[in-house]
Amino acid sequence: MDSRKFVLKETGIVALGQVLCVGGMVGIFALLGKLDTSVWLGGIAGGLLATANFFFMAMAACVASEKAVEQNVKGGQLTMRLSYMIRLIVLFVVLFALVKSGLCNVLTAVLPLVFTRPVLFVAEFFRKSGEIKA
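Since the model is a prediction, treat every value here as computed from it, not as a measurement. (Residues numbered from 1 in each chain as written. Predicted model: local features only at pLDDT ≥ 70, side-chain atom pairs only at ≥ 80, totals over all residues. Heavy atoms only, no water.)

Along the chain, the position of V63 falls in helix α2 (residues 37-69). For V63, a relative accessible area of 29% translates into the label partly exposed. What V63 contacts, discounting residues up to four positions off in sequence, is R4 and T79. (Helix = DSSP H or I, 4+ residues; strand = E, 2+ residues; numbered from the N terminus. Buried < 20%, exposed > 50% of the residue type's maximum accessible area, 1.4 Å probe, protein only. Contact = heavy atoms within 4.5 Å.)

Given below as structure tokens:
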């Protein structure tokens, strides 16, 4: 499978997992009686940011692996380092602006970033035995 198609497939899995996890998180807020617009906006923004973060990380990994195949290991390492630094700065700035503006609940905006790893872990259980593993 082409690496870019694989990235799109994995991003789709992460997006679906984000929808389920954010929905559960919003449900918990509703059960606690704390549901308001900031919870909804925080969950949506956090889920979108987490999915975009995963997509750009995976795309940078594809570019870095292509550079490594071309015997440019230093270029691949630099690509991953720059990707990490840029993604971290963008996440911080966007989340800070959303929370500072009062539009989003802090917890619901940040928690979706934590959901990505468990979603990928659970997705491993549903892979077919012959399928490529990340």
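One pass over the full model with this rule turns up three salt bridges. Close ionic contact of E66 with R4 constitutes a salt bridge, the shortest N to O distance being 3.4 Å. In this pair, E66 is assigned in helix α2 and R4 in helix α1 (residues 3-31), connecting sequence segments 62 residues apart. Under the relative-accessibility criterion, E66 is labelled partly exposed at 35%. (Salt bridge = Lys/Arg side-chain N within 4 Å of Asp/Glu carboxyl O.)

Let's shift gears to the packing of α2 against helix α3 (residues 73-100). Interaxial distance between α2 and α3 falls to 8 Å at its minimum, and their mutual angle equals 170°. The angle between α2 and α3 falls in the class roughly antiparallel. On α3, the residues that touch A45, L49, N53, F56, M57, A60, A61, V63, A64 and K67 of α2 are V73, G75, G76, T79, M80, S83, R87, L91, V94, L95 and L98. Considered class by class, the residues forming the contact of α2 with α3 number 14 nonpolar, five polar and two charged. (Axes fitted to C-alpha atoms, helices over the stretch in contact; angles between N-to-C directions. Parallel < 35°, antiparallel > 145°, perpendicular 65-115°, else oblique. Nonpolar A, V, L, I, M, F, W, Y, C, P; charged D, E, K, R; others polar.)

For the rest of this paragraph, the subject is the packing of aromatic side chains. Overall, the coordinates contain three aromatic pairs when judged by the stated rule. Where F55 meets F56, the ring centres are 5.3 Å apart and the plane angle is 70°; that geometry is what we call edge-to-face. F55 sits in the partly exposed class, given a relative accessible area of 24%. Note on F121 and F125: the rings are 5.3 Å apart at their centroids and 90° apart in plane angle, and the pair reads as edge-to-face. Here the residue F121 and the residue F125 both occupy positions in helix α4 (residues 106-125), the gap between them amounting to four residues, near one helical turn. When sorted by exposure, F121 lands in the same class as F125, which is exposed. (Phe/Tyr/Trp six-rings, centres within 6.5 Å; stacked < 30°, edge-to-face > 60°.)

When the terminal C-alpha atoms of α3 are compared, their 40 Å separation across 28 residues agrees well with the 40 Å that a helix rising 1.5 Å per residue should span. Taken together, the buried positions of α3 are G75, G76, T79, S83, R87, L91 and L95. Contacts from the buried residues of α3 go to α2 and α4. Backbone geometry just downstream of α3 places G102 in the positive-phi region, at approximately 85°. (Expected span 1.5 Å × (residues − 1).)

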